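This is what each chain is made of:
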Amino acid sequence: MQRWRGLEDIPQDWGRSVVTIGSYDGVHRGHQLIIGRAVAAARELGVPSVVVTFDPHPSEVVRPGSHPPILAPYDRRAELMAGLGVDALLILPFTAEFSQLSPADFIVKVLVDKLHARAVIEGPNFRFGHRAAGNVDFLRELGSTYDYEVDVVDLVERGEAGGGVPFSSTLARRLVSEGDMDGAAEILGRPHRVEGVVVRGAQRGRELGYPTANVETQPHTAIPADGVYAGWLTADGERMPAAISVGTNVQFDATERTVEAYAIDRVGLDLYGMHVAVDFLAYVRGMAKFESLDGLLEAIADDVKRARVLTDAYDMKR
């Protein structure tokens, strides 16, 4: 999959294409329907498919300080989109100047002059241009002028998550923040992932016999509620069952909120400075302060046992 950052990165000889535009944070199951339709339409027409997204999230520019928690960083989104068959990903820097583009100018500058859109695939609530004044009706209206078709994917994905309301990034973020990893996974189509670089912490886990990878997460990352979770730690392409702790270390009166993963039964791992991924499968228990060190060690041993059972059961079902 080709990746472009900014309109200037698009090859000058780029021909017609099928385009879909959106934030697509998380590339959840609802997003997959739209992106999948774009990929299928592109194959039918014999042209490439392009996903257009923005960095930073438009809300941060329009309303500074309102950046929503991120379900998936751009590299992860690119990986997921490539898995859906997308041919090219265009990340547009969303600046104050860019936010002033009228819907008509957006169509001309992006869809017509650069991507030469043959078709545009969107959901029914798609908005674009200055003050989000453009909608799918306006997109269709200009399609007759600029020779592109518009297909609105009016399919709603829903399930038990969130009480049966339609799947959305907003709902997924809420469920993650509540520690409902089952619900978040139902929306995302996979366990929620947090990424970052392993940094040195207080090393208390090592002293207790359970060395953890202290993950310095990226800004605005959607981090689950405080607690202990079962999941996986992936480093250098290796996926390892893990017991994961999120929050402040109340046992030692720490104040900094951290994400720490213990790779079960792994000895001698040296992950400092490495970029790793932590996938959250299930909530195990809340954070607690124990009356003694023995009580803490007993709880950690039980956490590890439960995490091993949960991850093994998940892998066996796949």
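Anything mentioned here points back to the structure above.
For clarity, every value in this text was computed on a predicted model and none was experimentally measured.

Caption draft 1: Spatial organisation of helix α6 (residues 136–146). The set of residues buried in α6 consists of Val 136, Leu 139, Leu 142 and Gly 143. Buried residues of α6 fall within an arc of 125° about the axis and therefore sit on the same side. Along α6, the residues that are exposed and aim more than 90 degrees away from the buried face are Asp 137, Glu 141, Ser 144 and Thr 145. In this fold, the buried residues of α6 make contact with α5 (103–112), β5 (117–122) and β6 (149–152). Of the residues that open α6, the one with a side-chain oxygen 3.2 Å from the backbone nitrogen of Asp 137 is Asn 135. One or two positions beyond α6, positive phi appears at Asp 147, with a value near 60°.

Caption draft 2: A look at the pattern of salt bridges. Inspection of every chain in the model, using the stated rule, returns 16 salt bridges. Between Arg 174 and Glu 178 there is a salt bridge, with the nearest N and O atoms lying 3.0 Å from each other. A salt bridge links Arg 239 to Asp 315, with the shortest nitrogen-to-oxygen separation between them at 3.2 Å. A residue pair is termed long-range when its members are at least 10 positions apart, and Arg 239 in strand β10 (residues 238–247) and Asp 315 in helix α10 (residues 293–317) qualify at 76 residues. Taking relative accessible area as the criterion, Asp 315 reaches 31% and is therefore assigned partly exposed. One salt-bridge network, in which partners are shared between bridges, spans Asp 25, Arg 77 and Arg 173.

Caption draft 3: Fine view of the environment of Gly 286. Position of Gly 286 relative to the elements: it lies in the loop between β12 (275–285) and α10. Taking the C-alpha atoms as reference, Gly 286 lies 9.4 Å from Val 246; in sequence the two are 40 residues apart.

Parameters and conventions
Residues numbered from 1 in each chain as written. Predicted model: local features only at pLDDT ≥ 70, side-chain atom pairs only at ≥ 80, totals over all residues. Heavy atoms only, no water. Buried < 20%, exposed > 50% of the residue type's maximum accessible area, 1.4 Å probe, protein only. Helix = DSSP H or I, 4+ residues; strand = E, 2+ residues; numbered from the N terminus. Arc of directions from axis to C-beta. Contact = heavy atoms within 4.5 Å. Polar contact = N/O pair within 3.5 Å; in protein donor to acceptor, adjacent residues only side chain to side chain. Salt bridge = Lys/Arg side-chain N within 4 Å of Asp/Glu carboxyl O.

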